[in-house]
Amino acid sequence: MSQTPDTIVHLMRHGEVHNPDGVLYGRRDGFHLSELGKQMAEKVADAVKDRDIVHLRVSPLERAQETAAPLALVRGLDITTDERIIESTNVFEGKRFGQGDGTLKKPKNWKYLYNPWKPSWGEPYADIVARMMAAVHDARIAATGHEAVLVSHQLPIWTARLHVEKRSFLHDPRKRQCTLTSLTSFHFVGERLTQVSYSEPAGDLIPTGDKKAPFSAGGAPEEKRP
């Protein structure tokens, strides 16, 4: 007989970012939500405003803070900024992948691509899991008996999900189930994780291109063709 979860921790990805140059922005400052991204954040806040959300923990990056703001307002919550749920590091940060500039075809970059299991181009998956799950459990404790939301980024959220589902970290970034403003929800009975669910409260606003995930701000590098 299954047990009803007493605490739910939702991992929410930020909304669409204004990034006309197709830069792999990673942890860089100055990347804010687009107008569509703001609409997404408002829609999700409206969709979950009646849920029993009592704790809000957010990445320090602007796009995450701006995504969390409408939810903080409708639920009357303070934002707890948490460095542990920030975007992952990536050696290709600042490079343009949206203009077909052949970044990955340059021999000087090949040295970063030798080990997709670690991965060799960025923060190790094991390190991402450690920091994300520490934040998840802190949020679970803070919201015991209720619900919490962590506003983070695609790769950290997806890596945490792969970990709890005991799946390989080696994956195709185009197949991540973690689109803009989606909720990846961890359901707990006490300290035990019993279920993972996924939803897209702003799904009708998500651009088709993002659903296909041609590349991620912190994930595996991949050329996007014009």
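Computed from a prediction, not measured in an experiment: that's the story for all the values here.

So, about the overall build of the protein. When helices and strands are counted, the protein shows 5 helices and 6 strands. Listing every helix and strand of the protein by position from the N terminus yields β-α-β-α-β-α-β-α-β-β-α. Evaluated residue by residue, the protein yields a buried proportion of 51% over its 226 residues. The contacts of the protein with a sequence gap of at least 6 include a subset with a gap of at least 24, amounting to 72%. Counting every atom, the protein has about 10500 Å² of accessible surface; 50% of that belongs to carbon and sulfur.

The next subject is the pairing of strand S6 (residues 192-199). Looking at chain direction, strand S5 (residues 183-189) and S6 are connected through 7 bridges and run antiparallel. Note on S6: the bridge partner recorded for Thr 184 is Tyr 198.

Here Leu 193 lies in strand S6. Placed 185 residues apart in sequence, Leu 193 and Ile 8 show a C-alpha to C-alpha distance of 9.3 Å. Beyond its immediate sequence surroundings of up to four residues, Leu 193 is in contact with Val 164, Phe 186, His 187 and Phe 188.

A few words now on the nonpolar core. A general tendency of soluble globular proteins is for nonpolar side chains to be buried together. Val 9, Leu 11, Met 132, Met 133, Val 136, Leu 150 and Phe 186 are the most contacted members of the largest nonpolar core, which has 21 residues in total. Every element with two or more residues in this core is listed here: strand S1 (7-13), helix H3 (125-142), strand S4 (147-152), helix H4 (154-164) and S5. Of all the elements, H3 adds the most residues to this core, at 8 residues. Residue contacts for Leu 11: discarding those within four places in its chain leaves Met 132, Val 136, Leu 150, Ile 157, Ala 160, Ser 182, Leu 183, Thr 184 and Phe 186. Within the second largest apolar cluster, 19 residues are counted, among which are Ala 68, Val 149, Val 151 and Ala 202.

For the rest of this paragraph, the subject is helix H2 (residues 62-75). For H2, built from 14 residues, the straight-helix expectation of 20 Å at 1.5 Å per residue is met to within 8% by its first-to-last C-alpha distance of 20 Å. Bending of H2 peaks at approximately 30° at the position of Ala 69, with proline Pro 70 no more than four residues after it. Taken together, the buried positions of H2 are Arg 63, Ala 64, Thr 67, Ala 68, Pro 70, Leu 71 and Ala 72. Residues of H2 that are buried sit in contact with S1, helix H1 (35-48), strand S2 (53-58), strand S3 (79-81) and S4. Just beyond H2, the residue with positive phi is Gly 76, at close to 65°.

Right, let's talk about H3 for a bit. Here H3 contains 18 residues, and its C-alpha end-to-end distance of 26 Å stays within 8% of the 26 Å for a straight helix at 1.5 Å per residue. Buried residues of H3: Tyr 125, Ile 128, Val 129, Arg 131, Met 132, Met 133, Ala 135, Val 136, Ala 139 and Arg 140, and no others. Contacts made by the buried residues of H3 are with S1, S2, S4, H4 and S5.

A few words on the confidence of the model for the protein. For the protein, the average pLDDT comes to 86, and 81% of its residues sit at 70 or higher. Low confidence marks residues 212-216, where pLDDT is under 50. Its contacts with residues over four positions away, or in another chain, come to 15 contacts. Counted against residues more than four places away or in other chains, residues 220-226, with its pLDDT under 50, gives 27 contacts.

Counting buried residues in S4 gives 6 out of 6 residues, a clear majority hidden from the surface. Covered by surrounding structure in S4 are Glu 147, Val 149 and Val 151 together with Ala 148, Leu 150 and Ser 152, the residues of both alternating faces. As defined by bridge partners, S1 adjoins S4 across 6 bridges and the pair is classed as parallel. Across the sheet, residue Val 9 finds its bridge partner in S4, namely Ala 148. Bridge analysis of S2 against S4 gives 5 bridges, and the strand direction is parallel. Bridging across to S4, Leu 56 finds its partner in Val 149.

What counts and how
- Counting from 1, residues in each chain are numbered in the order their sequence is written.
- Where totals are concerned, whole chains, interfaces and linings use all residues; where local detail is concerned, this predicted model gives features only for residues with pLDDT of at least 70, and gives and counts side-chain atom pairs only at 80 or more.
- As a rule here, side-chain values cover all heavy atoms of the structure and leave hydrogens and water aside.
- Strands are runs of DSSP state E lasting at least 2 residues, helices are runs of H or I lasting at least 4, and numbering of each runs from the N terminus.
- We call a residue buried when its accessible area falls under 20% of the maximum for its residue type, exposed when it is over 50%, and partly exposed in between, using a 1.4 Å probe and counting protein chains only.
- Two residues qualify as a contact provided that any one of their heavy atoms is within 4.5 Å of a heavy atom in the partner residue.
- Here the open area of atoms and residues is found with the Shrake-Rupley method and a 1.4 Å probe, where only the protein chains shown may cover a residue.
- Criterion used throughout: strands pair if DSSP finds at least two bridges between them.
- Only buried Ala, Val, Leu, Ile, Met, Phe, Trp, Tyr and Cys residues count toward a nonpolar core, and they belong to the same one when joined by side-chain atoms within 4.5 Å.
- To estimate the expected span of a helix, count its residues, drop one, and scale the result by 1.5 Å.
- At every residue, the bend is computed as the angle between two fitted axes, covering the seven residues ending there and the seven beginning there respectively.
- Per-residue confidence from the prediction method is given by pLDDT, with values spanning 0 to 100.

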